[in-house]
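Analysis of the macromolecular model
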Amino acid sequence: MRNTKKDTKTNATKKKPQNTARNTIKEIHRQKNTPKQQATPKNKEPEKKTNTTKSKTNAKSFVEFLKARETQTTFGIFLIIFSVYLLFAFFSYLKNWQADDNAVQSGMGMLFDSSVSTQNGMGKLGALLGYVFVKKWFGIGAFLMLIFISNSGLLLLRVKIIGFFESILYLLGTTLWLSVFMAAIFTRPDAMIWGGLFGQQIRIWLSSVVGNFGLVLLLLIVFGIYISAIFGFKLHEIKIKKWSGSNNNPNDLEKNESENIAITDVYTHEKEIDPIANENKNIQEEHDFEVVEKEIAQKDDALIANEEIDFDFPVDSTLQESKQKDGKESAIDFVIETQMENQAPTHSNGDEIPTEHYGIDTLFDPMKELSQYQFPPTSLLIDRGDGESKVSREELEHNKNRIVETLGNYDIKISKIKATIGPTVTMYEIVPAPGVRISRIKNLEDDIALSLAALGIRIIAPIPGKGTIGIEVPNQNRETVSLRSLLESERFTTTTAELPFAMGKTITNEPFVADLAKLPHLLIAGATGQGKSVGLNAIICSLLYKKHPSQLKFVFVDPKKVELALYSKIDKHFLAKLPDEEEAIITDVNKVISTLMSLTQLMDSRYDLLKNAGTKNIIEYNHKFLERKLNPENGNHYMPYIVLVIDEFADLIMTAGKEVELPVARIAQLARAVGIHLIVATQRPSVDVITGKIKANFPARIAFKVSSKVDSRTILDTNGADQLIGQGDMLYSHGSTVLRLQCAFVDTPEIEDLTNFIGDQRGYPMAFELPEPANQNDGKGKETDIKTVDKLFSDAARIVVMTRQGSTSLLQTKLTIGFARARRIIEQLEMAGIVGPPQGSKPRDVLVGNLELLEQFLKNLE
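What you see as residue numbers is a count from 1 along each chain, following the sequence as written. Side-chain atom pairs in this predicted model are given and counted only at pLDDT of 80 or more, local residue features only at pLDDT of at least 70, and totals for whole chains, interfaces and linings cover all residues. In computing side-chain properties, one takes all heavy atoms of the structure into account and sets aside hydrogens as well as water.

A few words now on a nonpolar patch on the surface. Residues Trp 205, Val 209, Val 210, Leu 218 and Val 222 make up a contiguous nonpolar surface patch of roughly 450 Å² in combined accessible area. As for its position among the elements, Leu 218 is in helix α9 (residues 192-244). Two distance rules govern patches: like charges are joined within 9 Å, and nonpolar side chains (Val, Leu, Ile, Met, Phe, Trp, Tyr) within 5 Å, applied only to residues with over 30% relative accessible area and no salt bridge. Here the Shrake-Rupley method, with its probe set to 1.4 Å, supplies the accessible areas, and only the displayed protein chains count as covering residues. In the sections that follow, a salt bridge refers to a side-chain nitrogen of Lys or Arg positioned within 4 Å of a carboxyl oxygen of Asp or Glu. Elements are defined by DSSP. Helices are runs of H or I of four residues or more, strands are runs of E of two residues or more, and each kind is numbered from the N terminus.

Here it is, written out as structure tokens:
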């Protein structure tokens, strides 16, 4: 037996002479097996790292506590109440300062001495604070400190009156100057309360240096320089705004100031990985084969996470005996991988999200009208962790043994198993032995599910791009993937995509970020209650975090009337609607048809503009417009992206049918180049809802759990969606790629906080107006429209007749009105017979010869 072991070791060495990594591990194991008396100081390094990790974790937890919104709110309210308390204490001290000074002379013990009494209305503490702030420090100038304290409290409550650094410059600087000034005026010892001890000492020192007259002159000069510096900075800032035009946001100074005081910044850090020690096991010989066992024990001896670990787990002897034939050796390598992205510290305030300037210094800024707009911080969302799955080693071992046993029962040999741990499922990648047919493993899907006693077993045979077969097994304890962790990830914050959205995390725990502009449309389907609406909200919130209101507009169609109602608060920022409509979120089927027709008209008009500009898509067109290469008087304007979101498409098909399907298909076919994109969701993925016309123009599709394989093939053209486990578990298909993701979770209170943050800011005067759909009314209707003309109708008619140009941009320039109103006036002029019908990009023909005929025509209208 001893000789057999020696031969086995010799053969293993000959087979793998170049496996230096394995030899290194063995060497480390031999060092670890040496007696503790011979241990080197390096053996204590894990303990030091553990202590360091604990201290860092405690410090970061304390910092996160300070940066929590609840902590800021509590501390902000405390500062405001404290400033009010100091205000009354200071006034009472000025009235009774002599009596309060006598009581305070006994020291801090007076607070606890019942025999000491004061005349301060705010008690002993008020007398002590008045003595310190007023007499010992700044005198009357202490009242300005109250404004500084209360302003800091308001900033913590997200109420900005004056920036933090501005308050330091204005208030604290004035406090110091006022203290010295009052001390110079009231020089008597009994009048120290006016300037305080600080002002008195500075006054005495300056008087000894420059004299009394020089002191007054110096104070006046300092005051003049101080005021000039303040107003000089303001005038300089105004000049910069006028000169730079659209170069970035002109409120960068105020943003930087607010960012320094805002404790809401999200603190992200690279996760510290607990040290894992490798323990060696003896090499054993069973039935003439060698089994090398490398066991990994984690510090808490329970969980495996956040690093890549290689295991060579042994297969049970009974399994080995069943597989061993003709005296040949057999061994199965079991590798466990958990890949977690390294997140670098990122910003929390959306102000730091870069906007597209196309690498050029432009003069036109589409964000100028809302230059004060602040991007929402990620602190509005709940931090539910990193979505990191914690799967025990026992669970991995159990699943591996059951898979090997089930395959062994059907005489299927495998050489290696690699486990990749994700937030919801773990993928076991199998390398079959030579000669094993893939179809045999694929047909054992139900048998493997039975042996594992788990739902949602999915077999990928083979995995695209790999020579392995994947078996996806749900974890016993699944983790929630929060939207906040995705928005703070490096992949999302550093993306340069036009319309990026974070959807969830892959099996390898990597954030999944896609670009809606490249998809270019998205179809979402799934049974009721499987996470479809949550996924829709995650996409919308991602776009709200990344884009400025001038760059993106939403058109919401919500037949259920409740799913998208939360976004009604941001109608003047991000929503688009038909003219003269009160609600921006469309719930009526008739209005849905009008909206789709309006979008098709907008698409056609945008294509005319692209044609005249000599560009192929919206990016090139906006690039030219930002460079001032396109004349606005010819109808050119900055084009925001428009995203049409339809929450329940099946209901529209049932009620409107072809009237909805045809314009949706036409928009899906053509609207990509002009920046109009569709997100269509439905909970009934049948062929009469998702027709061939719809599927052909939606290459990107998302499928949540469905009830049958037929529904899965309807959405994805393949099986798999019926084997999902629900609660955000989904399949993403784009082209030939099918990924399994765990959808990010965002709750209703988080969406309310986000919409409140955006809605409370100054927005546009009205929601973005879509073109009015083609009027199909008869002549009577037209006559009614003419009688209810715009107030500027007469002035617009005179301008058109005088210039002989019927152009919307001309009315915008001459009357200083918006595009939507100018378009309505042009249409009213057309109804009245003053101008002719549109001619593409050319101005309309003017049908009235001169002003005299026009005046006579206007009198007849009255």
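A word on the sheet that holds strand β18 (residues 641-646). A sheet is described by the order of its strands in space; here 9 strands give the open sequence β14-β13-β22-β21-β20-β15-β19-β18-β16, paired in mixed fashion. Edge positions in the sheet fall to β14 (511-515) and β16 (552-557), since each has one partner strand and no second. Sheet twist, expressed as the average angle between the axes of neighbouring strands with direction ignored, equals 25°. Bridge count for strand β13 (residues 500-505) against β14 is 5 bridges, and the pairing is antiparallel. Bridge pairing links Gly 504 to Phe 512 in β14. Pairs of residues are marked as contacts when any of their non-hydrogen atoms sit within 4.5 Å. Helix axes are fitted to C-alpha atoms over the stretch in contact, other axes to C-alpha atoms as well, and angles between N-to-C directions run from 0 to 180 degrees. Against the sheet, helix α17 (residues 532-546) engages β13, β15 (522-525), β16, β18, β19 (676-682), β20 (700-704) and β22 (737-743), with an angle of about 140° to β13. Here helix α18 (residues 589-613) sits on the sheet in contact with β16, β18 and β19, set at roughly 155° to β18. Two strands pair if DSSP finds at least two bridges between them.

Let us look at the packing of α17 against helix α24 (residues 748-759). It is at 12 Å that the axes of α17 and α24 come closest, and there the two elements cross at 30°. Comparing the axis directions of α17 and α24 gives the class roughly parallel. The chirality of how α17 crosses α24 is left-handed. Contact with α17, carried on its side by Asn 537, Cys 541, Leu 544 and Tyr 545, involves Ile 751, Leu 754 and Ile 758 of α24 and no other residues of that element. Looking at the contact of α17 with α24 residue by residue, the class counts come to 6 nonpolar, 1 polar and no charged. Angular relationships are summarised with four words: roughly parallel below 35 degrees, roughly antiparallel beyond 145, roughly perpendicular across 65 to 115, and oblique for the angles in between. Handedness of a crossing is defined here by the sense of rotation of the near helix relative to the far one, left-handed for an anticlockwise turn of less than a right angle and right-handed for a clockwise turn. Three classes are used: nonpolar for Ala, Val, Leu, Ile, Met, Phe, Trp, Tyr, Cys and Pro, charged for Asp, Glu, Lys and Arg, and polar for all others, with Gly counted as polar.

Mapped onto the secondary structure, Lys 547 falls in the loop between α17 and β16. Counting of polar contacts relies on pairs of N or O atoms within 3.5 Å, with two restrictions inside protein: one atom must be capable of donating a hydrogen and the other of accepting it, and residues adjacent in sequence are counted only when both atoms are side-chain atoms. At 3.0 Å, the side chain of Lys 547 forms a polar contact with the backbone oxygen of Glu 498.

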